[in-house]
Amino acid sequence: MTAGGKPLIDIRGVRKQFRTRSGTLLDALADTSLAVEANQFICIVGPSGCGKSTLLRMIAGLETITSGVITIDGAAVTGARRDIGLVFQSPVMLPWRTIVKNVLVPAEVLKMSTANARQRAHELLKLVGLDGFADRYPDELSGGMRQRAAIARALMHDPNILLMDEPFGALDALTREAMNLELLRIWQASRKTVVLVTHSIEEALLLSDKVAVFAPRPGFIREVIDVPIARPRSAATRTDPVFIQLADRLRSFFEAKPEGEAAA
């Protein structure tokens, strides 16, 4: 909670409609509410096209809200905010810039002190395990290393909130598992408030304090499930009986047949 006893991110009755080329309105997100406390790690899971990424963009102020309200620290979100860092599925590195200069992009945009920004960039590269790679170029790094650099870049301006949209979805399974553990370490060190969208039930349970389960389009959060597994977590957490039980429970949301549909 914030000092006033309210959640840091408060999503209340949010809806999103898009107008198609034919002029008809498409419901992308139905009545959606979610409260995220300061320093929490929240994962959002759900089927493709259910509005998870749309909600994340609305929190970031990159997508307009049709109705409802999203507040951050009590103030309504009306546009892009400085206190938010974004990490997408593709790290989108500038190929002509070294890794440290890619990390410095937010500092240049926000006109941060050059000397302080450079020091912070090197500290962040060390935090994400890339010290020694500052002067390399993106095409000299693996996909997982580029995503680490993207996380460092998102933290460059020291945002209170980190929004992550399928950040490891393009990685192979082994690299993805390693990056899950790396993100846990980074979060433990920085204690940012994180909202991460994923299709992976196991990833959500390993990382989060709570999992918000999305229904199919028009999407809405049908349930928020606590993850009462002690931290720090590790690869062995996946064998914890509570982890296995929760994974089965989450799968049941997506395996259930629509009402009235006969079983095969």
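Computed from a predicted model, the values in this text were never measured in an experiment.

S.K.: What is the right way to look at the environment of Cys50 in this model?
M.R.: Within the secondary structure layout, Cys50 lies in the loop between β3 (41-45) and α1 (52-60). Note: C-alpha distance between Cys50 and Asn116 (66 residues apart in sequence) is 41 Å. Excluding its chain neighbours within four sequence positions, the residues that come into contact with Cys50 are Ala28, Leu29, Phe214, Ala215, Pro216, Arg217 and Gly219.

S.K.: In this structure, what is going on with unusual backbone geometry? I would like to understand it.
M.R.: The phi angle of most residues is negative, glycine excepted, and most peptide bonds adopt the trans form. Looking along the chain, the bond that leaves Arg231 and enters Pro232 is cis, with omega of 0°. Mapped onto the elements of the fold, Pro232 is located in the loop between β10 (221-226) and α8 (241-255). Here the phi dihedral of Arg191 falls at roughly 50°; this positive angle occurs in a residue that is not glycine. Checked against the element boundaries, Arg191 lands in the loop between α6 (173-190) and β8 (193-198).

S.K.: Before we go on, may I ask you to explain α8 in this structure?
M.R.: Because an α-helix completes one turn every 3.6 residues, residues spaced three or four positions apart along the sequence face the same direction. Compared with an ideal rise of 1.5 Å per residue, which puts 15 residues at 21 Å, α8 spans 21 Å between its outermost C-alpha atoms and is within 8% of the ideal. Inspection of α8 places Phe243, Leu246, Ala247, Leu250 and Phe253 among the buried residues, and these make up the whole buried set. When α8 is viewed along its axis, its buried side chains cluster within an angular range of 110° and face the same direction. Away from its buried face, by an angle of more than 90 degrees, α8 presents the exposed residues Pro241, Gln245 and Glu255. Buried positions along α8 lie against α7 (201-207), β9 (210-214) and β10. N-cap assignment for α8: the residue whose side-chain oxygen lies 2.7 Å from the backbone N of Val242 is Asp240.

Definitions and cut-offs
- Residues numbered from 1 in each chain as written.
- Predicted model: local features only at pLDDT ≥ 70, side-chain atom pairs only at ≥ 80, totals over all residues.
- Heavy atoms only, no water.
- Helix = DSSP H or I, 4+ residues; strand = E, 2+ residues; numbered from the N terminus.
- Contact = heavy atoms within 4.5 Å.
- Expected span 1.5 Å × (residues − 1).
- Buried < 20%, exposed > 50% of the residue type's maximum accessible area, 1.4 Å probe, protein only.
- Arc of directions from axis to C-beta.
- Polar contact = N/O pair within 3.5 Å; in protein donor to acceptor, adjacent residues only side chain to side chain.

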